[in-house]
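The primary structure of each chain is shown beneath.
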Amino acid sequence: MLKQYSFEETAVQTFDDKTSLAMRTEDMQVFYGSNHAMFDANLAFPKNQITALIGASGSGKSTYLRSLNRMNDGIATVTGKIWYHGVNINEPGVNIYEIRRHIGMVFQRPNPFAKSIRENIVYALRANGIKKKAELEERIEQSLKGAALWDEVKDNLDKSALSLSGGQQQRLCIARSIAMAPDVLLLDEPCSALDPISTVKVEETLLELQKKYSIIIVTHNMQQASRISSQCAFFHLGHIMEYAPTGTMFSNPQIPVTQDYIAGSFG
Amino acid sequence: MNAKRTDFIATVVIDLIVASVVGILFFLLAYILTAGLPHVSWSFLTGATDAFSGAGGIGVQLFNSFYLLLLTMLISVPISLGAGIYLAEYAKDNWRTSLIRSAIEVLSSLPSVVVGLFGFLLFVVKFKIGFSVISGSIALTFFNLPLLTRNIEESLSAVSRSQREAGLSLGLSKWKTELGIILPVALPGIVTGIVLSAGRVFGEAAALIYTAGQSAPVTNFADWNPMDPASPLNPFRPAETLAVHIWKVNTEGLASNAAALSAAASAVLIIAVLLFNLGARLLGNYLYRRVTASK
Ligand SMILES: Nc1ncnc2c1ncn2[C@@H]1O[C@H](COP(=O)(O)OP(=O)(O)OP(=O)(O)O)[C@@H](O)[C@H]1O
Ligand SMILES: [Mg+2]
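Computed from a predicted model, the values in this text were never measured in an experiment. (Residues numbered from 1 in each chain as written. Chains lettered and ligands numbered in written order. Predicted model: local features only at pLDDT ≥ 70, side-chain atom pairs only at ≥ 80, totals over all residues. Heavy atoms only, no water.)

### Considerations on the overall build of chain B
Test applied: Each helix corresponds to a stretch of at least 4 residues labelled H or I by DSSP, and each strand to a stretch of at least 2 residues labelled E; elements are numbered beginning at the N terminus. Burial classes: relative accessible area under 20% of the type maximum marks a residue as buried, over 50% as exposed, and values in between as partly exposed (1.4 Å probe, protein chains only). We call two residues in contact whenever any of their non-hydrogen atoms come within 4.5 Å of each other. Per-residue and other accessible areas follow the Shrake-Rupley method at a 1.4 Å probe size, with only the shown protein chains counted as cover for residues. Here Asp and Glu are counted as negative and Lys and Arg as positive; His is not counted, and neither are the chain ends. Every charge is mapped onto a representative atom, which is NZ of Lys, CZ of Arg, CG of Asp or CD of Glu.
Along the backbone of chain B there are 11 helices and 0 strands. Secondary structure elements of chain B occur, N-terminal to C-terminal, as α-α-α-α-α-α-α-α-α-α-α. Overall size of chain B, expressed as C-alpha extent along the three principal axes, is 65 × 60 × 40 Å. Each of the 295 residues in chain B was classed as buried or not, and the buried ones make up 44%. Contacts spanning at least 24 positions in sequence make up 76% of the contacts within chain B whose residues lie at least 6 apart. In the structure as shown, chain B presents an accessible area of about 15,300 Å², 71% of it carried by carbon and sulfur atoms. Computed over 19 positive and 15 negative side-chain charges, the inter-centroid distance for chain B is 7 Å.

Here it is as structure tokens:
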């Protein structure tokens, strides 16, 4: 029998005006039809930091993350406000394509296009009007270097992306996202399909990337959260229970549900 | 009976069934080919038919078959591509979509002779187009559309959702994602389906008897202006196809060697259809390798 925790008892940090934020949600609710999957989500993400979202399976991490760049459009109903550069992007009039170029996303399973490595990166760029060869080449190199893949593929850019290993494919997906020059990067369990060595590579990549991007990452792996993130939010049954600097969260969780989850004595 | 024994018996039974299917196919092919091929010659393939007796070559019919096929595909591929994309990507899961699906289902199960009669009454008689290539290809389109649409929808739906999400998450529009990401992946399957349906269209007779007609007026193969009545490209001339010719020679052929004629034409028809099947396979594989850049 799952232990009952009060949803009233939460410990969610807020930031003062001096902290510059990458984005913020205010009273966000998500419904899948009549299924209320996300309740009053209030989270703020500091710029140029990695924020980890943790919690048990089905707690709503992906639901939350996918709402941030409006990938839930047409799948779920999202209410409340999502603030990004002073604009509430959860409005019908907002250009979602534009938003997604600024808020990139990497998925759980590597999903490179069935095209060459080069095409994986330039396809969306060209679709967005970047046509100059020199600029495209520059973006290919920069993004692949950013994703720590350049050395492995620089001689084979015309090879099929599907012939890469899982870890390389995932780094290609990261490269593809950062080639769009986003400023927020959302990652949904990007390492869950990878072996430990590839995982380390992706983690190193992310640590490097936070200098330029603000990163929000969903992970099941608490070691991973503590290795790479500065902030950490704990989700439970569609509620955000605790949000704190990662060090504090793991050494000194404030409320019983987080204490139990981190101690591994959950439910 | 123990599990191992049951397994063994089941395997044997299934093997026998498979073997008999393959056996029947090979017997059929061998029979048609041995009966027909000895009568096939270059002059038979290219020669003209005697309009009265049906004797002579099948040159015009062979051309008509390909021309009709081409026109049919030109009409039906774009329409079914649109319909397939709509059903796979845009159609909501509601009563209207299920109505469309049932309509497609019904259309695909209409007997071809009924489609032919409909085409006859509407195009040939009512619109006064007469027996013509165009009437025939519209009739064939009716019967080609549902199969192609279904094939295209299935090929598109088989592409993983994660590919669509990847496209959308990069800020591509739905349409751009569909055209640039999903369609190329689905293309090998779609092309295979198109070529296979081409084989079916090529061999169709019943829908054409009353639409494209049963006469193959001698055409002037030096005249390629589609507006000229004598041009082979004129879509308004009657055009007996190879399959219709076989039917006609057998039912009302007056030639003394009618049996040999139809056997030879059948062999040619079968070979063409086999080539379509083989081509579908090769082309599909080739495209798959091209599209995924896996050399
Ligand atoms: N596409 C969907 N349609 C309907 N319900 C959904 C959908 N996606 C998620 N849900 C529901 O929303 C709730 C939260 O799911 P979500 O995928 O966000 O959890 P999660 O924390 O990401 O879990 P996991 O760690 O397993 O990925 C679950 O109850 C789930 O059933
Ligand atoms: Mg998830």
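### Some remarks on the side chain of Thr-72 of chain B
Inspection of the secondary structure assignment puts Thr-72 of chain B in helix H3 (residues 59–90). Residue contacts for Thr-72 of chain B: discarding those within four places in its chain leaves Ser-137, Leu-140, Thr-141, Asn-144 and Val-201 of chain B.

### Here's the deal with the side chain of Ser-137 of chain B
Residue and element names in this part refer to chain B. Quick reminder of the rule: Whenever two N or O atoms come within 3.5 Å, that pair is a polar contact, provided that in protein one can donate a hydrogen and the other can accept it, and provided that, for residues adjacent in sequence, both atoms are side-chain atoms.
On the secondary structure map, Ser-137 appears in helix H6 (residues 133–157). Residue classification places Ser-137 among the buried positions, given a relative accessible area of 0%. A polar contact of 3.2 Å, which involves the side chain of Ser-137, links it to the backbone oxygen of Ile-134. The residues contacting Ser-137, other than those within four sequence positions of it, are Leu-68, Leu-71, Thr-72 and Ile-75.

### As for the sheet that holds strand S8 (residues 184–188) of chain A
Residues and elements named next belong to chain A. Put simply, the test is: By this definition, two strands are paired if DSSP reports at least two bridges between them. To obtain an axis, a line is fitted to C-alpha atoms, over the contacting stretch when the element is a helix, and the angle between two such axes runs from 0 to 180 degrees between their N-to-C directions.
Strand order in the open sheet formed by 7 strands is S1-S11-S10-S4-S9-S8-S7, and the pairing between neighbours is mixed. Strands at the two margins of the open sheet, each flanked by one partner only, are strand S1 (11–12) and strand S7 (103–106). When strand S10 (residues 231–236) meets strand S11 (residues 239–245), the two strands line up antiparallel, connected through 6 bridges. Each residue of the ladder has a partner; that of Cys-232, found in S11, is Ala-244. Packed onto the sheet, helix H10 (residues 256–263) meets strand S4 (50–55), S10 and S11 and runs at close to 100° relative to S10.

### Here's the deal with the UniProt feature "transmembrane region" (unreviewed entry) in chain B
Residue and element names in this part refer to chain B. Selection rule: UniProt positions are given in the numbering used here, feature names are shortened, and annotations may be inferred rather than shown by experiment.
What UniProt calls "transmembrane region" (unreviewed entry) maps, in this numbering, to residues 12–33, 66–87, 99–123, 129–148, 179–198 and 258–280. Structurally, residues 66–87 comprises 100% helix and 0% strand, and the distance from its first C-alpha atom to its last is 30 Å. Along residues 129–148, the helical share is 80% and the strand share 0%, with 26 Å between the first and last C-alpha atoms.

### Comments concerning the site of ligand 1
Residue and element names in this part refer to chain A. Where we set the bar: One heavy atom within 4 Å of a molecule or strand makes the whole residue count as near it. Basically, the charged four are Asp, Glu, Lys and Arg, the nonpolar ten are Ala, Val, Leu, Ile, Met, Phe, Trp, Tyr, Cys and Pro, and anything else, Gly included, counts as polar.
What surrounds ligand 1 is a group of 13 residues, the closest being Ser-57, Gly-58, Lys-61, Ser-62 and Thr-63. Separating an oxygen atom of ligand 1 from a side-chain N or O atom of Ser-57 is a distance of 2.5 Å. Between ligand 1 and Glu-189 there is a distance of 3.4 Å, counted from an oxygen atom to a side-chain nitrogen or oxygen. In the complex, the protein chains occlude 61% of the 620 Å² of accessible area that ligand 1 would expose alone. Ranked by residue count, the leading element in the shell around ligand 1 is helix H1 (residues 61–68), at 3 residues. Within the shell around ligand 1, the residues separate by chemical class into 4 nonpolar, 7 polar and 2 charged.

### Observations concerning the pattern of salt bridges
Defined as follows: The working definition used for a salt bridge is a side-chain nitrogen of Lys or Arg within 4 Å of a carboxyl oxygen of Asp or Glu.
Evaluation of the coordinates by the stated rule reveals 19 salt bridges over all chains. Among the ionic pairs, Glu-152 of chain A bridges to Lys-201 of chain A, the shortest N-O distance being 3.7 Å. Placement of Glu-152 of chain A in helix H5 (residues 150–153) and of Lys-201 of chain A in helix H7 (residues 196–209) is noted, with a sequence separation of 49 residues between them. Classification of Lys-201 of chain A by relative accessible area gives partly exposed; the value is 34%. In this structure, the salt-bridge partner of Glu-153 of chain B is Arg-101 of chain B, at a minimum N-O distance of 2.5 Å. Note that Glu-153 of chain B is positioned in helix H6 and Arg-101 of chain B in helix H4 (residues 95–109), a separation of 52 residues in sequence. You can call Glu-153 of chain B buried: its relative accessible area is 13%. Salt bridges sharing partners connect three or more residues here, namely Arg-118, Lys-133, Glu-137 and Asp-158 of chain A.

### Observations concerning a nonpolar patch on the surface
Residue and element names in this part refer to chain B. Keep this limit in mind: A patch consists of residues exposed above 30% relative accessible area that lack any salt bridge, with like charges linked at up to 9 Å and nonpolar side chains (Val, Leu, Ile, Met, Phe, Trp, Tyr) linked at up to 5 Å.
A surface patch of nonpolar side chains, amounting to about 1,100 Å² of accessible area, comprises Phe-8, Ile-9, Val-12, Val-13, Ile-14, Leu-16, Ile-17, Val-18, Val-21, Val-22, Leu-25 and Phe-26. Its location among the elements puts Val-21 in helix H1 (residues 3–36). The class of Val-21 is exposed, set by a relative accessible area of 52%.

### Considerations on the interface of chain B and chain A
How we decide: Summed over both partners, the accessible surface that disappears when two parts come together, traced with a 1.4 Å probe, is what is meant by buried area.
Listed per partner, the contact involves 22 residues of chain B and 25 residues of chain A. Across the chain B/chain A interface, buried area totals approximately 1,800 Å², and carbon plus sulfur atoms make up 61% of it. The largest contributions to the chain B side of the interface with chain A come from Glu-165, Ser-169 and Leu-170 of chain B, which together make up 31% of the buried area. On the surface where chain B and chain A come into contact, there are 1 salt bridge. With a closest N to O distance of 2.8 Å, Glu-165 of chain B and Arg-66 of chain A form a salt bridge. Counting every contact that joins chain B to chain A gives 4 residue pairs in polar contact (both at pLDDT 80 or more). Mapped by element, the contributors of at least two residues to the side of chain B that touches chain A are helix H7 (161–169), helix H8 (174–203) and helix H11 (258–292) of chain B.

### Focus: H10 of chain A
All names here are of chain A. Operational definition: The directions considered for the arc are those from the helix axis to the C-beta atoms.
Of the residues making up H10, those classed as buried are Val-257, Thr-258, Asp-260 and Tyr-261. Here the buried residues of H10 occupy an arc of 165° about the axis, which is enough to place them on one side. If you follow the buried residues of H10, they end up packed against S4, helix H8 (222–228), S10, S11 and helix H9 (246–251).

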